[in-house]
Amino acid sequence: MIDNLPYRQVGTEDLRPGGLLCVADHASNFVPEDIELGIDRKLLTEHIAVDIGVEGIADRLARRHGMPAHIACVSRLVCDMHRKEDEAAVVPATSDGHLIPGNIGANIEARLDRFHRPYHAALADLIAEAKPKLLVALHSFTPSLATSDEERPWEVALLYNQDDRAARHAIRLFGEQGLNVGDNQPYSGKQLNATMDRHAEAHGIPYCTIEIRQDQIANEAGQARWAVMIADVMGRVALEF
């Protein structure tokens, strides 16, 4: 965390209203020293703690492709920015079969005050200043869950709730790249869309929630490749609005 803030913003020095804005709710696996989760430290490198590969893509989009980014600086196991305040999973007690002992009986209100509320307040302020034509929410998903045998063949997927305007264009454009593209898979934006529900759908702002399979972006080469592709596809989607 920088200056004890639960987020950082990249490429926002010279905002151009009407551009694209990137949001990365699960970009970090950082756990503050005064919070003890009670888990094996190795789990902090796995998907339950962080959306693997997303931080590198968000940084590249901001620094090299002109898409400013709002990036979380704390692990989703400490406080999940992509959950509503009243959801149990905002401070998860379990994740993909792993118990998170330090979160059982945790002071939820204190976590919300310290992490969740400042993160979303700053994002709302940034959106108000940037007036983006399109919001791009970046996530990644594990190729396989420990608690499920479900196959996850999609290389990339688009999630949405009620507003699927931008997602429809993106699904088509990623498909034209020869990719296996999921449509509200492996998660559904009908159930999991908290950040975009709040900051996009509630204000009529078109958005794309992009889920990339983590084996595609586990290294810098993959992240660079996907940053280029996302910048291109999202730029073309934005032309529709």
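Structure report, in brief. These numbers come from a predicted model, not from an experiment.

Conventions we followed
- Residues numbered from 1 in each chain as written.
- Predicted model: local features only at pLDDT ≥ 70, side-chain atom pairs only at ≥ 80, totals over all residues.
- Heavy atoms only, no water.
- Helix = DSSP H or I, 4+ residues; strand = E, 2+ residues; numbered from the N terminus.
- Rg over C-alpha atoms; globule rule 2.2 N^0.38 Å.
- Buried < 20%, exposed > 50% of the residue type's maximum accessible area, 1.4 Å probe, protein only.
- Contact = heavy atoms within 4.5 Å.
- Areas by Shrake-Rupley, 256 points an atom, 1.4 Å probe, with all protein chains shown as cover.
- Lys, Arg positive; Asp, Glu negative; His and termini not counted.
- Charge placed at Lys NZ, Arg CZ, Asp CG, Glu CD.
- Phe/Tyr/Trp six-rings, centres within 6.5 Å; stacked < 30°, edge-to-face > 60°.
- Pairing = 2+ DSSP bridges.
- Axes fitted to C-alpha atoms, helices over the stretch in contact; angles between N-to-C directions.

1. Considerations on the overall build of the chain
In step 1: Looking only at helices and strands, the chain features 5 helices and 9 strands.
In step 2: Reading the helices (α) and strands (β) of the chain from amino to carboxyl end gives β-β-α-β-β-β-α-β-β-α-β-α-β-α.
In step 3: The C-alpha atoms of the chain give a radius of gyration of 17 Å, which matches the 18 Å a tight globule of 241 residues would have.
In step 4: Judged by the C-alpha coordinates and their principal axes, the chain covers about 45 × 40 × 35 Å.
In step 5: Here the chain holds 241 residues, and 56% of them are scored as buried.
In step 6: For the chain, the share of sequence-separated contacts (at least 6 apart) that also reach a separation of at least 24 residues comes to 81%.
In step 7: Accessible surface, the chain: about 10600 Å² in total, of which carbon and sulfur atoms supply 47%.
In step 8: Between the centroid of the 24 positive side chains of the chain and the centroid of its 36 negative side chains there is a distance of 4 Å.

2. With respect to the packing of aromatic side chains
In step 1: Under the definition given, this model contains 1 aromatic pair.
In step 2: When the centroid spacing of 6.1 Å and the interplanar angle of 40° are considered together, the rings of F174 and W226 count as tilted. Taken together, the residues span a long stretch of sequence, with F174 in helix α3 (residues 165–175) and W226 in helix α5 (residues 220–238) at a distance of 52 residues. No difference in accessibility class separates F174 from W226, as the two residues are buried.

3. As for the sheet that holds strand β8 (residues 181–183)
In step 1: Pairing is mixed across the open sheet formed by 7 strands, whose spatial order is β1-β3-β2-β6-β9-β7-β8. For this open sheet the edge positions go to β1 (7–10) and β8, each flanked by a neighbour on one side alone. Strand-to-strand twist of the sheet, defined as the mean angle between neighbouring strand axes without regard to direction, takes the value 20°.
In step 2: Of the strands in this sheet, β1, β2 (20–24), β3 (69–72) and β6 (134–141) touch helix α2 (residues 108–130), which is tilted by about 175° from β3.

4. Observations concerning the environment of L134
In step 1: On the secondary structure map, L134 appears in strand β6.
In step 2: Of the residues examined, L134 reaches a relative accessible area of 0% and is grouped as buried.
In step 3: Measuring from C-alpha to C-alpha, the distance between L134 and Q191 comes to 21 Å, with 57 residues separating the pair along the chain.
In step 4: Setting aside its immediate chain neighbours within four residues, L134 contacts G19, L20, L21, A166, P206, Y207, C208, M234, V237 and A238.

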